[in-house]
Amino acid sequence: FDSINTGKVIECAIEQGMNPRMLAMAMQAHLAPRMLKVAGCVSKAIEVSRSILAGCRFSIGFSRSVMYQILEEVHSKMLPRTSYRLFVDDLSQYTRARKKEEVEIETIRATRIVKEAMEKEGLKISGKSTLVCSDKELERKIRRGLKAEGIDLEVKEVVKDLGVDA
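Remember, predicted model here, so these are calculated numbers, not experimental data.

A. Local environment of the packing of helix 1 (residues 6-15) against helix 2 (residues 20-31). One way to put it is that helix 1 packs onto helix 2 with a least axis distance of 12 Å and a crossing angle of 165°. As the angle between them shows, helix 1 and helix 2 are arranged roughly antiparallel. Helix-helix and strand crossings are classified by hand; for helix 1 and helix 2 the assignment is right-handed. Contact with helix 1, carried on its side by Thr6, Val9, Ile10, Ala13 and Ile14, involves Leu23, Met27 and Leu31 of helix 2 and no other residues of that element. Its residues assigned to classes, the contact of helix 1 with helix 2 shows 7 nonpolar, 1 polar and no charged.

B. Structural detail: helix 1. Those residues of helix 1 lying buried are Thr6, Lys8, Val9, Cys12 and Ala13. Down the axis of helix 1, the sector holding all buried residues measures 150°, keeping them to one side. Pointing more than 90 degrees away from the buried face of helix 1 are the exposed residues Ile14 and Glu15. Those residues of helix 1 that are buried lie in contact with helix 2 and helix 3 (59-75). Directly after helix 1, the chain includes Gly17, whose backbone phi takes a positive value near 90°.

C. Looking closely at the pairing of strand 3 (residues 82-87). Side chains Thr82, Tyr84 and Leu86 project from strand 3 onto a buried face, and the interleaved Ser83, Arg85 and Phe87 project onto a face without burial. In this antiparallel pair of consecutive strands, strand 3 and strand 4 (residues 90-95), the connection spans 2 residues, and Val88 shows a positive phi of 55°.

D. Layout of the nonpolar core. The biggest cluster of nonpolar side chains holds 24 residues, and the ones touching the most others in it are Val9, Phe62, Val66, Ile70, Val74, Tyr84 and Leu123. Residue assignment for this core shows that the elements contributing at least two residues are helix 1, helix 2, helix 3, strand 3 and helix 4 (100-120). Ranked by residue count, the leading element in this core is helix 3, at 6 residues. Residue contacts for Phe62: discarding those within four places in its chain leaves Ile4, Val9, Met18, Leu23, Ala26, Met27, His30 and Ile52. One finds Leu131, Cys133, Ile142 and Leu153 within the second-largest nonpolar core, a separate group that totals 10 residues.

E. Region of interest: the packing of aromatic side chains. Counted under the stated rule, the structure contains 1 aromatic pair. When the ring of Phe58 is compared with that of Phe62, the centres are 5.8 Å apart and the planes differ by 20°; the resulting orientation is stacked.

About the criteria used
Residues numbered from 1 in each chain as written. Predicted model: local features only at pLDDT ≥ 70, side-chain atom pairs only at ≥ 80, totals over all residues. Heavy atoms only, no water. Axes fitted to C-alpha atoms, helices over the stretch in contact; angles between N-to-C directions. Helix = DSSP H or I, 4+ residues; strand = E, 2+ residues; numbered from the N terminus. Parallel < 35°, antiparallel > 145°, perpendicular 65-115°, else oblique. Left-handed = near helix turned anticlockwise from the far one by under 90°. Contact = heavy atoms within 4.5 Å. Nonpolar A, V, L, I, M, F, W, Y, C, P; charged D, E, K, R; others polar. Buried < 20%, exposed > 50% of the residue type's maximum accessible area, 1.4 Å probe, protein only. Arc of directions from axis to C-beta. Pairing = 2+ DSSP bridges. Core = buried A, V, L, I, M, F, W, Y, C linked by side-chain atoms within 4.5 Å. Phe/Tyr/Trp six-rings, centres within 6.5 Å; stacked < 30°, edge-to-face > 60°.

Have a look at this one:
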């Protein structure tokens, strides 16, 4: 939600048929100056040019409208062994194949394609993102391959997400 381009949200929402009046009313909340409140202290108003608010009923839809456009581009690159799932504003990438080499090559290619598509929209893969790999040897190969592509992404056998092993 933090780095999403609100102009892109508006463009996608209109393209996907959202009622313009509803969109205008919702965007007023997302584009309004924000104030931080901590321990009884309130900051000066902060003008925003990017990001959508978590907690708004439209936020997930706004995020998905942009991510679906990105995924449409990614799917057009023909990645037969890779699928994607979107959970709120988190993207999961699954690559399956019979041979480890196929998984390695397609995982690296798929990750590069997603990264490029996101960067094209002014988004970036979070520094907290991790690829989970169940094979130690493959984990090392994928990590090396991503590094060679200039992608700084963790590759681990197990990660914690919201305190739960994944």
